[in-house]
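Tertiary structure, described
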Amino acid sequence: MSEAKLATVAVHAGEDPRVAGAVVTPVFQSAMFETGSDVAYHDIQYIRLNNTPSHRAVAEKVAALEGAEAALVAGSGMAAISASLLAFLSAGDHLLVQRCLYGGTHGLVQEELTALGVEHTSFDGGAPGSWQALLRPRTRVIYVEAMTNPLLEVADLRAVAAFARAHGLVAIVDATFATPVNLRPLAIGFDLSVHSCTKYMNGHSDIVAGSVAGSALLVDRVRKRLNHLGGSLDPHGCFLLQRGLKTLPLRMAQHNASALALAERLAQNPAIARLHYPGLPSHPDHARARELFRGFGGMLSFELHGGVAAAERFMARVKIPLVAPSLGGVESLVTRPATTSHAGLPREERERIGVSDALVRVSVGIEDPADLIADFEQALAG
Ligand SMILES: *Cc1c(COP(=O)(O)O)cnc(C)c1O
C-alpha cells in the first residue's frame, strides 16, 4: 500500500455511517444497547464485549491500517497481548518467545503463564538455525517484537513467519515500535499483529489502549478471551484512539525523519560512546531493518563516555524532551532504562543483555528536528 493510500485510510476508514451526519464519530457513552427479545448473548452490545459502535468504528480503522480482515481494541497493550496468548495456549502447551521482551510481556510469560502450566523457551531472533531444536510436541505459538527495547534489535521476522507456517504455530508480533506505517506484519506472514496503542497508534500520551489484528477467525478467538478477562477499552478511549489514528501516517513520517536526522548527528558527537538506531549502517541489524521497514521509527538509545554521571548530566541539561518513561507520543522523552523499564532485572542480567546503567533511551517526538538537534548538542557539550 502506498504512503498516500495509507494516509487516506487513516483519515476515512471506520467512519461510516456518519451518525446524524456527524463528520467525527461520536463517543457512544452507553454501557449497553437496546436488543430485541431473542438476541444471542454474543450479539448483545455492551462495553465489556468490545462491540459498541465506538469499538466497531476504531477496530475497523485499525483493521484497514493493518491490511487485516479483522481487528479489535483492548483496554491496554497488555490486555491485547494477554488475551492473544491465552487464546492459543492452555496448560501443557509450550510457547517460543524472543529474548529481551517488553517487561510487562516478560512478566506475563514468566509468572502468569507459568502458573497456568504454560511453558516457554526464549530464542535468539537473529539466529533462525537455532529455533528447530527448541520445538516441543506441544509448541503452539511463536512470539516476537518488531524491534527490541531499548537496543532496537530486529529479529529475522520473515523467518519467524515462515518457521511458524512450517510447524503449524500461531505467529504473533508485537509491532508497537514499528506501527503499520513502517511494517506490514500480516503481509509478511504473521497471523496476528498486536500493539500497545498507548504508544504511536494513539500518539498523544493521553490514553492506555491495545489492538489485535489478523484473520476474522483468529481475532474472534482473541475477542472471546478478552471478553472473559474483562480488558475492554472505554468509549472515550475508543474516541481518542480513533482521533489519534487519523494522523498516524503523518506523525510516523516525522518520527522516522527526525530520529534518523538526530541519530546521524549524534553519531558524529564526540561525547557519544555507543549509539543504537536501526536506520544507521553501523547498527548490526541495519540490513534487515532496511529490508523489512519503510521507516526506522522514532526510538534510539545511546551511552556517553562519562557513564552514568554523564547520562544524568545530559538528562538534567536537555530542555525539549521530558524525562519520563513510555514512548511514541508527539513530545520527545528521555529515560534511563536501568531505572525504569529494566529496573526489575538484576544489574548483571542487564549488563549481559547490553542495557548498561549508563544507557539513555530517547523517544523522538515530532518537534522541529533542528530544535531537537541543537538541544541535544548543547546538553552534550562541555
Ligand atoms: C508499552 C508496551 C507494551 C504494553 O502496553 P500497555 O499499553 O502499557 O499495556 C507492550 N509492548 C511494547 C513493545 C510496549 O512498548
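Everything here concerns the structure above.
Treat the numbers as computed from the prediction; the structure is a model and nothing was measured.

The next subject is the site of the ligand. Inspection of the region around the ligand gives 13 residues, with Met78, Asp174, Ser196, Thr198 and Lys199 positioned closest. Backbone polar atom of Met78 to an oxygen atom of the ligand: 2.8 Å apart, as the coordinates give it. Asp174 is positioned such that a nitrogen or oxygen atom in its side chain is 2.6 Å from a nitrogen atom of the ligand. Burial of the ligand by the protein chains amounts to 91% of its free accessible area of 380 Å². Per-element tally for the shell around the ligand: the top contributor is helix H3 (residues 77-88), with 3 residues. Across the shell around the ligand, the residue classes tally to 6 nonpolar, 5 polar and 2 charged.

So, about the sheet that holds strand E6 (residues 192-196). Reading across the sheet, the 7 strands line up as E1-E7-E6-E5-E4-E2-E3 and stay open at both edges, with mixed pairing between neighbours. Each having just a single partner strand, strand E1 (70-74) and strand E3 (119-123) make up the two edges of the open sheet. Neighbour-to-neighbour, the strand axes of this sheet turn through a mean angle of 20 degrees, independent of strand direction. Contacts from helix H2 (residues 53-66) reach E1, E6 and strand E7 (210-214) within the one sheet, and its direction differs from that of E1 by about 125 degrees.

Its boundaries defined by the atoms lining it, the largest pocket holds a volume of some 400 Å³. The wall of the largest pocket is formed by 19 residues, among which Cys100, Leu101, His106, Leu345 and Glu349 lie closest to the centre. The greatest single-element share of the lining of the largest pocket, amounting to 4 residues, is contributed by helix H4 (residues 103-115). Its boundaries defined by the atoms lining it, the second largest pocket holds a volume of some 260 Å³. Every residue lining the second largest pocket is counted, 15 residues in all, and those nearest its centre are Asn50, Asn51, Arg56, Ala71 and Arg223. Here the element with the most residues in the lining of the second largest pocket is H2; it accounts for 4 residues.

What follows concerns the nonpolar core. Counting 81 residues, the largest nonpolar core has Leu241, Leu300, Phe302, Phe314 and Phe376 as the members making the most contacts within it. Once residues within four sequence positions are removed from consideration, Phe376 is found in contact with Leu262, Leu266, Phe302, Phe314, Val318, Pro321, Val334 and Val362. In this structure, Ala80, Ile81, Phe88 and Leu95 belong to the second largest nonpolar core, which totals 30 residues.

Right, let's talk about the pairing of E1 for a bit. For E1, a buried count of 5 out of 5 residues is recorded, marking the element as mostly surrounded by other parts of the structure. Strand direction decides the pairing type here: E1 and E7, joined by 5 bridges, are antiparallel. The residue of E7 that forms the bridge with Ala71 is Ala213.

The next thing to look at is the sheet that holds strand E10 (residues 322-323). Taken together, 5 strands build an open sheet; the order of strands is E8-E9-E12-E11-E10 and the sheet is mixed. On the outer flanks of this sheet lie strand E8 (272-276) and E10, each paired with one strand and no other. When E8 meets strand E9 (residues 299-304), the two strands line up antiparallel, connected through 4 bridges. Residue pairing in the sheet places Ile272 in a bridge with Leu304 of E9. Each of E9, E10, strand E11 (333-335) and strand E12 (360-363) touches helix H11 (residues 307-317); the most contacted strand, E9, lies at about 125 degrees to it.

On to unusual backbone geometry, then. Here Asn149 and Pro150 are connected by a cis peptide whose omega angle stands at 5 degrees. Along the chain, Pro150 turns up in the loop between strand E4 (139-145) and helix H5 (157-167). Of note, Thr179 is a non-glycine position whose phi angle comes to about 65 degrees, a positive value. Of note, Thr179 is situated in helix H6 (residues 179-182). Under the relative-accessibility criterion, Thr179 is labelled buried at 1%.

What follows is about the packing of helix H9 (residues 248-266) against helix H13 (residues 369-380). Axis separation between H9 and H13 bottoms out at 10 Å; the angle between their running directions is 35 degrees. Here the hand of the crossing between H9 and H13 comes out right-handed. Counted together, Gln254, Ser258, Ala261, Leu262, Arg265 and Leu266 of H9 and Pro369, Leu372, Ile373, Phe376, Glu377 and Leu380 of H13 form the full contact between these two elements. Of the residues in the contact of H9 with H13, the class split is 8 nonpolar, 2 polar and 2 charged.

On to the packing of aromatic side chains, then. This model, assessed by the stated rule, comprises 5 aromatic pairs. Relative to Trp131, the ring of Phe123 has its centre 5.3 Å away and its plane inclined at 70 degrees; by these criteria the two rings are edge-to-face. Relative accessible area serves as the criterion here: at 1%, Trp131 is assigned to the buried category. Taken together, the ring pairs in this structure connect Phe123, Trp131 and Phe163 into an aromatic cluster.

What counts, and where the lines are drawn
- All residue numbers refer to position in the chain's written sequence, counted from 1.
- It should be noted that, the model being predicted, local features are given only for residues of pLDDT at least 70 and side-chain atom pairs only at 80 or more, the latter also being counted only at that level, while totals for whole chains, interfaces and linings use all residues.
- Side-chain metrics in this entry use all non-hydrogen atoms of the structure; hydrogen atoms and water are not considered.
- Whether a residue is near a molecule or strand depends on its heavy atoms: if one lies within 4 Å, it is near.
- Each polar contact in these results corresponds to two N or O atoms within 3.5 Å; when the atoms are within protein, one needs to be able to donate a hydrogen and the other to accept it, and residues that are neighboring in sequence are counted only if both atoms are side-chain atoms.
- A 1.4 Å probe and the Shrake-Rupley method give the accessible areas. Residues count as covered only by the protein chains that appear here.
- Helix numbering and strand numbering both begin at the N terminus, where a helix is a DSSP run of H or I of at least 4 residues and a strand a DSSP run of E of at least 2.
- Residue classes follow a fixed rule: Ala, Val, Leu, Ile, Met, Phe, Trp, Tyr, Cys and Pro count as nonpolar, while Asp, Glu, Lys and Arg count as charged, and any other residue, Gly among them, counts as polar.
- Strand pairing is assigned whenever DSSP detects at least two bridges linking the two strands.
- To get an axis, fit a line to the C-alpha atoms, keeping to the stretch in contact for a helix; angles then go from 0 to 180 degrees between the N-to-C directions.
- Every residue pair with non-hydrogen atoms within 4.5 Å of one another is taken to be in contact.
- Only protein atoms enter the 1 Å grid, on which a cavity is a set of points fitting a 1.4 Å probe that cannot get out and a pocket is an open set with protein on both sides within 12 Å along at least 5 of 7 lines, lining residues being those with an atom within 4 Å of a point.
- Grid points are joined across faces, edges and corners, and a volume is the space filled by probe spheres set on the points.
- Among buried residues, the Ala, Val, Leu, Ile, Met, Phe, Trp, Tyr and Cys ones that are joined through side-chain atoms within 4.5 Å form a nonpolar core.
- For every residue, the accessible area (1.4 Å probe, protein chains only) is compared with the maximum for its type, and the residue is labelled buried under 20%, exposed over 50%, or partly exposed between those bounds.
- The crossing is said to be left-handed when, going from far helix to near helix, the turn is anticlockwise and less than a right angle, and right-handed when the turn is clockwise.
- Two rings from Phe, Tyr or Trp (for Trp, the six-membered ring) form a pair when their centres are within 6.5 Å of each other. A pair whose planes differ by under 30 degrees is stacked, one over 60 is edge-to-face, and the rest are tilted.

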